[in-house]
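# Fold and geometry: a report
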Amino acid sequence: MNPTMNSISSETFKTTPSHPEHTIPLDFTNVPKLPDSHAWTLPHQPIDPFTQEPLPIIDLAKPDVSKLVRHACEEWGAFQITNHGIPICLLNEIEYQTRRLFSLPAESKLLAVRSPEGFTGYGLARISPFFSKLMWSEGFSIIGSPVEHASQLWPEDHAKFCEVMEQFQEEMKALSEKMVAIMLSSLGLTHEEDVKWFEPMKEGCDQSTCVLQLNSYPVCPDPGRAMGLAPHTDSSVLTLLYQGNISGLQVQRDDAAGWMPVEPVEGALVVNVGDLMHIVSNGRFKSVLHRALVNNEHHRVSTAYFYGPPRDAKVSPLRKLIDRDHPPLYRPVTWKDYLEAKSKHFSKALESIRL
Ligand SMILES: O=C(O)CCC(=O)C(=O)O
Ligand SMILES: [Fe+2]
């Protein structure tokens, strides 16, 4: 592994495996010892949480949300939200269905494996090809209805799974729109006027670039040397993450400071600034470098919703944020172009479009 490979891309781009013998996740049940293929050498560099301002937790029902969100996006590129309006019963339901899926025997999960040219289904983390070591995790990607793969997993009994996943995507899309609006208005922008690419999404014309990613981090025999999900930034506009009540997520505020755990808060969602928001805000909001660690007691699952614009919409630094003192930092790109840049330049994708 290249330890300098820090900010890596994430979810919907296509990549070629660097270790073709491992195109599907390990059968994690009854692995008594961490295999060499999964043993990482990077020290985990934890931060002393008492020396740092903790990651902001923002109550959306309180006043001053806009100021708090701006501060969080400028300083951290991530924050947690409470009072977001997503019912706790839906969050419990999504966690239940996610656990139900990943608790299936390995041979059943392989019936729903993501095809080499596909974007959806069961498989390794998408960022796997960028690392020589494998991650202690498995994933299931959904765009719209998961019925094609779910019916492979449960021929008779997939209706509830599909219903919950579809309902959750609808709720996440609406909440993402709300959060984008708050973020932009915190910079003095009204998204209706300023962000043309945003319109088709709001009208529901194109939902195809939003992805629901279910992640599973099985109990690990040697968590100190394993990596659940290697450091990366999300390529999305923003990501909404539900991590249940098991720790593992960490964010990096800046290179020197080490990794800050994002401790679960009951019913809260984590918001990550993605690379596209980094671009439209002309670098004011930072896409956050984050990773997930594993443990030897609990099977951790998480649900990430990546919110993206229509594939062909142009994304560029917003005009109102540009003046003589703040020249545009990035050239205009479509989401499609950006994902291509990400799969080619990996951690250097943002740099590759820098003016
Ligand atoms: O599981 C987590 O906490 C992080 C998941 C994540 O970063 C991702 O799916 O991109
Ligand atoms: Fe991520």
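Residues numbered from 1 in each chain as written. Chains lettered and ligands numbered in written order. Predicted model: local features only at pLDDT ≥ 70, side-chain atom pairs only at ≥ 80, totals over all residues. Heavy atoms only, no water.

Further remarks concern the overall build of the chain. Tallying secondary structure elements over the chain gives ten helices and 14 strands in all. For the chain, with 355 residues in total, the buried portion stands at 56%. Total accessible area on the chain stands at roughly 15400 Å², and carbon and sulfur atoms take up 52% of it. (Helix = DSSP H or I, 4+ residues; strand = E, 2+ residues; numbered from the N terminus. Buried < 20%, exposed > 50% of the residue type's maximum accessible area, 1.4 Å probe, protein only. Areas by Shrake-Rupley, 256 points an atom, 1.4 Å probe, with all protein chains shown as cover.)

Moving on to the side chain of Glu138. Its location among the elements puts Glu138 in strand β4 (residues 138-142). A polar side-chain atom of Glu138 sits 2.9 Å from a polar atom in the side chain of Lys109. Here Ser216 takes part through its side chain, which lies 2.7 Å from a polar atom of the side chain of Glu138. Once residues lying within four places of it in the same chain are set aside, the contact partners of Glu138 are Pro25, Phe28, Phe102, Lys109, Tyr122, Gly123, Leu214, Asn215, Ser216 and Pro218. (Polar contact = N/O pair within 3.5 Å; in protein donor to acceptor, adjacent residues only side chain to side chain. Contact = heavy atoms within 4.5 Å.)

Position of Asn295 among the secondary structure elements: in the loop between β11 (289-292) and β12 (300-307). Once the C-alpha coordinates of Asn295 and Val265 are considered, the two residues, 30 residues apart in sequence, prove to be 18 Å apart. In contact with Asn295, not counting residues within four places along its chain, are Pro218, Val219, Cys220, Pro223 and Ile246. Engagement of the side chain of Asn295 in a polar contact is seen with the backbone nitrogen of His298, the distance being 2.5 Å.

So, on to the packing of aromatic side chains. For the structure on display, the rule yields seven aromatic pairs. Between Phe102 and Tyr122 the ring centres are 6.5 Å apart and the planes differ by 45 degrees, which places this aromatic pair in the tilted class. With a gap of 20 residues between them, Phe102 in helix α2 (residues 88-102) and Tyr122 in strand β3 (residues 121-123) connect regions that are remote in the sequence. For the pair Phe102 and Tyr122, one class covers both residues: buried. Considering the side-chain rings of Phe131 and Phe346, the 6.0 Å spacing of their centres and the 70 degrees angle between planes classify their relative orientation as edge-to-face. (Phe/Tyr/Trp six-rings, centres within 6.5 Å; stacked < 30°, edge-to-face > 60°.)

Turning our eyes to something else, we now look at the coordination of the iron ion (ligand 2). The coordination sphere of the iron ion (ligand 2), as far as protein atoms go, consists of His232 (NE2), Asp234 (OD) and His290 (NE2), spread over 2.1 to 2.3 Å. Summarised as a motif, the one-chain spacing of the donors to the iron ion (ligand 2) is H-x1-D-x55-H. Residue Asp234 is located in the loop between β6 (229-232) and β7 (238-242), and its partner His290 is located in strand β11; the two are separated by 56 residues in the primary sequence. Classification of Asp234 by relative accessible area gives buried; the value is 2%. (Donors = N, O, S within 2.8 Å, 3.2 Å for Na, K, Ca; no water.)

So, about the UniProt feature "coiled-coil region" (unreviewed entry) in the chain. The sites that carry the UniProt feature "coiled-coil region" (unreviewed entry) are, in the present numbering, residues 158-185. Helix makes up 96% of residues 158-185 and strand 0%. Its end C-alpha atoms lie 41 Å apart. (UniProt positions renumbered as here; feature names shortened; annotations may be inferred.)

Confidence in the prediction for the chain averages 88 pLDDT; 85% of positions are at 70 or higher. A low-confidence stretch, residues 1-12 (pLDDT under 50), is modelled with 56 contacts involving residues beyond four sequence positions or located in other chains. Our summary of model confidence lists the complex with pTM equal to 0.92 and ipTM equal to 0.99. (pLDDT = per-residue confidence, 0-100.)

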